Structures are given as structure tokens and as C-alpha cells.
Amino acid sequence: ITFDATVKVSHILKHGSILEEMASAGCRFVISAFESTSDLVLEKLAKGHTRADIIRAAGIVASLGIALRPSLVPFTPWTQIEDLVDLVDTIVELDLVGKVDVVQYSIRLLVPPGSLLLSAGCDAASWCGPYDPDLLSYRWAAPDPALDDLQGRLAELAESHCSDRDPVPGFLAVREEVLDTARVLKSSSSRVSPERLERACDIARSAPGPRLSESWFCCAEPTGGQIDRIRIGAEREEAAGNSAHGCCSYRL
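The sections below set out a description of the structure shown in this document. Note that the structure is a prediction, hence the values are computed from the model and not measured.

With that out of the way, let us pick up the environment of K8. Following the sequence through the fold, K8 ends up in the loop between β1 (3-6) and α1 (9-14). For K8, a relative accessible area of 47% puts it in the partly exposed group. Considering only alpha carbons, one finds K8 and G48, 40 residues apart in sequence, at a separation of 9.0 Å.

Quick look at the structure:
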């Protein structure tokens, strides 16, 4: 019997011995909410870990032979284009190209009613807009409109690459969009050499590792293809005279 687990970065660092026991018991992969490699964003989200902690945690999991599948929230009110360049570079440097589903690079922070981000001390007045009942979230805009445009393009890429068996094309497409935006904004360029990128992509193709059967994670809006499958399934159930209620749910 094999299994997977979801473990916080801070718990990976604190409970390495338990992870070692999990590995011997058949743990195939661990999902961990990295969210961002920006220390500012991590502090705003009160994640309880830093960029340096992410690097250390990735090393621990890799040393145990467990695949690591990070979840991300790249787009927040505090994200800068330099953060996104660093994110895709870090994914290459940690050899995680094959371990991050493309949809993760497009996720935009949701701020529902009651969110702690709306409490005192989170400077919500400087970024929080009106509540949108269709999104079930308060609206906010990126510090630079180019980042909102980039998020939209990455969401389209996630849609087109969500069923790819090869993880490399989707990542390279995301990376190119990020670096193109950085060039337009005259911001930082990638620190990753072509040789290092090629090696990371080779690893991703040769050993993509275990994963969930869907590329969807909590807090990620489902793609159009996934919604279509839900709709088609519901229509088939209705045509067969069965109730489709409760057969599947996604948080929209």
C-alpha cells in the first residue's frame, strides 16, 4: 500500500524523523504549500516559513526518496515581477519542473469574507477592493497592471496544458511569459543558465514522479475542461434519470 500526504514546510523541518518513517511505510509524494519564494509575501500570508526554509525542506524530502509536489499562490497584492522570476528559477534549481502542475503558476489569491488578511495589521485598506459575489472573494489589483495581464495569460496556459503528460512544455511556456514580462518591465533576468535549465527539464521528463490524477488543487479555480467534464457527467446522469447532486464539487 502506498499513500501521499500534505505537510506544511515548517512541519517538514520539525518532524524529519516522522517523514523518514512515512517513507519506509510507502509514502510516495508530499504536497506542501510553498505559496511563494518571496519572504515579504510569505510574511503577509503568515505562512510560518521563509524562502530559506523552502530550500531546506525540499532537500529533506528529496533525501528520503519522497517526491515533493509544491502548491503555489504566485499572484498576491504584494507580488512583484522579481518574485515570479525567482519562483521559476527556484523550481529549476530544486529540480521540481516535473513536480509542479502548470495551474499552480496561475493561481491568484482569493480573499473570502472573514479572511484574516482583512484584519488589522494586514494593510487591507491599501489593496482590498469591493466584494465580488461571483468570485466569492474581495477584489484586488496587482501593484503593476502588467502582473494582472500576466496572470490572465498564465491561466490560459494552464487551460491548454492541464492534460499534458510531459510537464516540460507547460513549464517552459510559463517561464517564457514570466521572463518576457520582466524584460518589458526592465526587471531582473533569470539567473539560471541554459545548461541548468536543460538538465532540470531532462530530469522532469525522465522521472516526473507520482502525482494526483487531476492537476487541480484546493484554492485553484477549476479549468474549463474540468468544468465541462462535470457538466457532461451531470447531463448524462440526468438523462439516465439519476440525481447528479453531490457527485462532484469544485470550489469556484
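That covers the picture; the talk isn't over yet.
With that settled, the discussion passes to the side chain of D86. Within the fold, D86 resides in helix α5 (residues 81-93). Separated by 2.7 Å, the side chains of D86 and T37 make a polar contact.

As defined by bridge partners, strand β4 (residues 128-132) adjoins strand β5 (residues 137-140) across three bridges and the pair is classed as antiparallel. In the strand pairing of β5, C128 is matched with W140. Here β4 folds back onto β5 in antiparallel fashion, the turn holding four residues, of which L136 has a positive phi close to 60°.

Quick notes on the rules
- Residues numbered from 1 in each chain as written.
- Predicted model: local features only at pLDDT ≥ 70, side-chain atom pairs only at ≥ 80, totals over all residues.
- Heavy atoms only, no water.
- Helix = DSSP H or I, 4+ residues; strand = E, 2+ residues; numbered from the N terminus.
- Buried < 20%, exposed > 50% of the residue type's maximum accessible area, 1.4 Å probe, protein only.
- Polar contact = N/O pair within 3.5 Å; in protein donor to acceptor, adjacent residues only side chain to side chain.
- Pairing = 2+ DSSP bridges.

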